[in-house]
Amino acid sequence: MEGAGKTTQARLFADWLGEVGISHRLGREPGGTPLGEAIRGVLLDSRGPGMSAESELLLMLAARAAFVREVVRPTLESGAVMVADRFELSTFAYQGVGRGLGVEEVERLNRFATSGLRADVTMVLDVPASLGQARQREGRKERDRIEAEGVSFLEVVRAAYRSLARDHPGAVLLDASPSVDEVHRQVREVLITRFPEHFSSRRG
Ligand code: T5A
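The following refers to the structure shown. (Residues numbered from 1 in each chain as written. Predicted model: local features only at pLDDT ≥ 70, side-chain atom pairs only at ≥ 80, totals over all residues. Heavy atoms only, no water.)

**Notes on the site of the ligand**
Here is step 1 of the chain: In the vicinity of the ligand, 29 residues are found, and the nearest of them are K6, T7, T8, Q136 and E147.
Here is step 2 of the chain: One of the backbone N or O atoms of G3 is found 3.1 Å from an oxygen atom in the ligand.
Here is step 3 of the chain: Contacts to the ligand include G5, whose backbone N or O atom sits 2.8 Å from an oxygen atom.
Here is step 4 of the chain: When isolated, the ligand has an accessible area of 1,000 Å², and the protein chains bury 84% of it.
Here is step 5 of the chain: Among the secondary structure elements, those contributing two or more residues to the shell around the ligand are α1 (6-19), α2 (34-44), α3 (53-77), α4 (88-98) and α6 (129-138).
Here is step 6 of the chain: Looking at side-chain class alone, the shell around the ligand contains 9 nonpolar, 10 polar and 10 charged residues. (Near = heavy atom within 4 Å. Polar contact = N/O pair within 3.5 Å; in protein donor to acceptor, adjacent residues only side chain to side chain. Areas by Shrake-Rupley, 256 points an atom, 1.4 Å probe, with all protein chains shown as cover. Helix = DSSP H or I, 4+ residues; strand = E, 2+ residues; numbered from the N terminus. Nonpolar A, V, L, I, M, F, W, Y, C, P; charged D, E, K, R; others polar.)

**Regarding unusual backbone geometry**
Here is step 1 of the chain: The omega torsion of the bond from E29 to P30 falls at -10°, within 30 degrees of zero and hence cis.
Here is step 2 of the chain: When you line up the elements, P30 lands in the loop between β1 (24-28) and α2.
Here is step 3 of the chain: You will see that R86, though not glycine, has its phi angle at about 85°, which is positive.
Here is step 4 of the chain: Its location among the elements puts R86 in the loop between β2 (81-85) and α4.
Here is step 5 of the chain: One non-glycine residue, S115, lies in the positive phi region at around 50°.
Here is step 6 of the chain: Residue placement: S115 occurs in the loop between α5 (103-114) and β3 (122-126).
Here is step 7 of the chain: Looking at S115, the relative accessible area reads 42%, which means it is partly exposed. (Buried < 20%, exposed > 50% of the residue type's maximum accessible area, 1.4 Å probe, protein only.)

Here it is as structure tokens:
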């Protein structure tokens, strides 16, 4: 969810990987490549041109195709861990459900963009929309074009995330309303449980 603390947690997680000596790369979506960052500017500019749900989806996926090919695959092929601040579940929740394009259709187009690459683990940081917005206000973040849709749109997106988290392979729903440290502890716990061979001797 918006303002749930994804960027904060992704950075803390990446720092932790560094501390325990696991090579990794951190990227964000939409963005993460020169093309992706340019597309991000168009997608999120609240003063820019409006766009249809279909255009929004295809721009998200154009950015993702570049991110997967230029960043994610090379990182994984080098043996490092890829940490992504948002990935395909965002598209299923926002465009598939929030914009009403349908999760199945979005999944089909997403498979084309990713050439079928899946995340091993997807952590869904769950907070009520109002708490996420309050955190964004506190962090003095300006509302982007999609956030400007308001709380009722975001609550639809939240319900979609909660449902997707139950069915999506590798997805885990985390309560992101507690403190930064507590959420980070939960994130570590998920990884330690999923990949004991890599993390159990590195609880640190
Ligand atoms: N989008 C994206 C789609 O529609 N479809 C897609 O496929 C994709 C990939 C992207 C926009 O694009 C949409 C969704 C979005 O509308 P974004 O920048 O990735 O935008 O997403 P935002 O959610 O808008 O990013 P934010 O930076 O606002 O939220 P984060 O990353 O969840 O939160 P973070 O870590 O920056 O923290 C926000 C503030 O809260 C504090 C932080 O210090 C910061 O000030 N904070 C906490 N405060 C108290 N307790 C905690 N546990 C806290 N954790 C963080």
